[in-house]
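As a plain string of letters, each chain reads:
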Amino acid sequence: MSAAMSLPPNPVPAGDSRDKLIIGLDVPSVAEARAVIARIGDAGTFYKIGYQLAYAGGFEFARELIGQGKKVFLDLKLHDIGNTVEEGVRSVARLGATFLTVHAYPQTMRAAVAGKAGSSLKILAVTVLTSYDDNDLVEAGYAPVTAAELVARRAGQARDLGIDGIVCAATEAERVRTVVGPDRLIVTPGIRPAGSDAGDQKRVVTPAQGIRLGADHLVVARPIVKASDPRAVAEAIVREIADVKA
Ligand SMILES: O=C(O)c1cc(=O)[nH]c(=O)n1[C@@H]1O[C@H](COP(=O)(O)O)[C@@H](O)[C@H]1O
């Protein structure tokens, strides 16, 4: 079989707004992930597997989803000594995932860029977690710096090190865009449809605001996977995004 014939099918048209929504599979088991994906149906094209599912069979499940033509974001938020990050990224690159996260520390980003060489994997650097505000940075020993300043500094380092995209709160997306330019991806969690519970997220905006502020992809987990009708919530978000683009 030729390389082209072995590629998984991709039924999603280019520019489809569904691809802008990354649905976080923050569920405890592959069985629950399968169930939620079945309910979402063709409203979901791009799924994120993070700590909760990755450590509960999520890597094999990632292969399965990729084989079905879905895009997969492996949100492993790697951060370790350079050699370990580089070899870990090399292993992840073989899976066929679209995105992988690392924390935006220069040594870590440098190693991740080396590890993904020759693959189609895109590395996203997580700048300052969306559950952090300025007080959390003080508590973690980062003072004196604001979340917005640290995001901008790390985005600049990510750009210089050849990272493919930035994970930040949409509240910082405009500033990040001026730092990284038009060619890097901006991926924003901390997204809440109007009226939904922020939970532990502190730098939060709606889906439409996220896109208006310059995000290429929005990450949404609990508002979809914990909804009584996950498909309806996903479809509403996709419509909201499509209206912004129109
Ligand atoms: O890297 C991420 O995806 C991420 C970075 C960040 O700064 N904040 C953040 O919430 N996330 C992830 O995005 C998802 C957001 O989940 P909800 O708050 O339930 O929509 C979770 O899976 C987080 O792990």
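Not measured: the values here are computed from a predicted model.

**Q** Honestly, the overall build of the chain in this entry has me stumped. Any pointers?
**A** From N to C terminus, the chain includes 10 helices and eight strands. Radius of gyration (C-alpha) of the chain: 17 Å, near the 18 Å computed for a compact globule of 246 residues. In terms of overall dimensions, the chain has a C-alpha envelope of 50 × 45 × 35 Å along the principal axes. In the chain, buried positions account for 50% of the 246 residues. Restricting the contact set of the chain to residue pairs at least 6 apart, pairs at least 24 apart contribute 66%.

**Q** Please explain the pattern of salt bridges as it appears in this structure.
**A** Two side chains bearing opposite charge may form a pair once their charged atoms approach each other closely. Applying the stated criterion across every chain yields a total of 15 salt bridges. Glu235 is the partner of Arg231 in a salt bridge, and the nearest nitrogen-oxygen pair spans 2.9 Å. Here the residue Arg231 and the residue Glu235 both occupy positions in helix α10 (residues 230-245), the gap between them amounting to four residues, near one helical turn. Classification of Glu235 as partly exposed rests on a relative accessible area of 28%. One salt-bridge network, held together by shared partners, links Asp42, Arg231 and Glu235.

**Q** Can you help me understand the UniProt feature "active site" (unreviewed entry) in the chain in this one?
**A** UniProt's feature table lists "active site" (unreviewed entry) at Asp75, Lys77 and Asp80, given in the numbering used throughout. Checked against the element boundaries, Asp75 lands in strand β3 (residues 71-78). Apart from the residues within four sequence positions on either side, Asp75 is in contact with Lys48, Ile49, Gly50, Tyr51 and Thr101. Within polar-contact distance, the side chain of Asp75 engages the side chain of Lys48 at 2.6 Å. Here Asp80 lies in the loop between β3 and α3 (82-93). Ignoring any residue separated from it by four or fewer positions in sequence, one finds Asp80 in contact with Val85 and Thr108.

**Q** Looking at this structure, I do not really get the packing of helix α1 (residues 30-40) against helix α2 (residues 51-67). What am I missing?
**A** Between two packed helices, what matters for the description is the angle formed by their axes and the separation of those axes. Contact geometry for α1 and α2: axes closest at 9 Å, N-to-C directions at 50 degrees. Classified by the angle between their axes, α1 and α2 sit oblique to one another. Contacts between α1 and α2 involve Val30, Ala33, Arg34 and Ile37 from the former and Leu53, Ala56, Gly57, Gly58, Phe61, Glu64 and Leu65 from the latter. Within the contact of α1 with α2, the residues separate by chemical class into seven nonpolar, two polar and two charged.

**Q** Mind showing me how you'd approach the confidence of the model for the chain here?
**A** Caution applies to low-pLDDT regions: their predicted coordinates should not be interpreted in detail. Of all residues in the chain, 93% attain a pLDDT of 70 or more, and the chain-wide mean is 93. Interface confidence in the predicted complex, given as ipTM, is 0.99; pTM for the same model is 0.93.

**Q** Got a minute to help me understand the UniProt feature "domain: Orotidine 5'-phosphate decarboxylase" (unreviewed entry) in the chain in this structure?
**A** In the numbering used here, UniProt assigns the "domain: Orotidine 5'-phosphate decarboxylase" (unreviewed entry) feature to residues 20-237. The distance separating the terminal C-alpha atoms of residues 20-237 is 10 Å; by composition the span is 44% helix and 17% strand.

**Q** What is the right way to read the environment of Tyr47 from this model?
**A** By the secondary structure assignment, Tyr47 is in strand β2 (residues 46-49). Sequence spacing of Tyr47 and Thr98 is 51 residues, and the spatial spacing of their C-alpha atoms is 10.0 Å. The residues touching Tyr47, leaving out its near neighbours within four places in the chain, are Ile22, Ile23, Leu25, Ile37, Ile40, Gly41, Leu65, Lys70, Lys71, Val72 and Phe73.

**Q** It is not clear to me how helix α6 (residues 147-160) should be interpreted in this structure. Could you clarify?
**A** Helical geometry note: an α-helix holds 3.6 residues per turn, so side chains three or four residues apart project in the same direction. Under the 1.5 Å per step criterion, the end-to-end length of α6 is 20 Å for 14 residues, consistent within 8% with the ideal 20 Å. Contact partners of the buried residues in α6: α4 (106-115), β5 (122-126), α5 (134-139), β6 (165-167) and α7 (173-180). Just beyond α6, the residue with positive phi is Gly162, at close to 85 degrees.

**Q** Any chance you could explain the site of the ligand here in plain terms?
**A** Around the ligand sit 17 residues, and of these Asp26, Lys48, Thr130, Arg192 and Arg222 come closest. One nitrogen or oxygen atom from the side chain of Thr130 is found 2.7 Å from a nitrogen atom belonging to the ligand. Note that an oxygen atom of the ligand is positioned 2.7 Å from one of the side-chain N or O atoms of Arg192. For the ligand, the accessible surface in isolation is 510 Å², of which the surrounding protein chains cover 90%. For the shell around the ligand, the secondary structure elements donating two or more residues are β3, β8 (217-220) and α9 (222-225). When the residues that make up the shell around the ligand are grouped by side-chain class, the tally is eight nonpolar, three polar and six charged.

Calculation rules
Residues numbered from 1 in each chain as written. Predicted model: local features only at pLDDT ≥ 70, side-chain atom pairs only at ≥ 80, totals over all residues. Heavy atoms only, no water. Helix = DSSP H or I, 4+ residues; strand = E, 2+ residues; numbered from the N terminus. Rg over C-alpha atoms; globule rule 2.2 N^0.38 Å. Buried < 20%, exposed > 50% of the residue type's maximum accessible area, 1.4 Å probe, protein only. Contact = heavy atoms within 4.5 Å. Salt bridge = Lys/Arg side-chain N within 4 Å of Asp/Glu carboxyl O. UniProt positions renumbered as here; feature names shortened; annotations may be inferred. Polar contact = N/O pair within 3.5 Å; in protein donor to acceptor, adjacent residues only side chain to side chain. Axes fitted to C-alpha atoms, helices over the stretch in contact; angles between N-to-C directions. Parallel < 35°, antiparallel > 145°, perpendicular 65-115°, else oblique. Nonpolar A, V, L, I, M, F, W, Y, C, P; charged D, E, K, R; others polar. pLDDT = per-residue confidence, 0-100. Expected span 1.5 Å × (residues − 1). Near = heavy atom within 4 Å. Areas by Shrake-Rupley, 256 points an atom, 1.4 Å probe, with all protein chains shown as cover.

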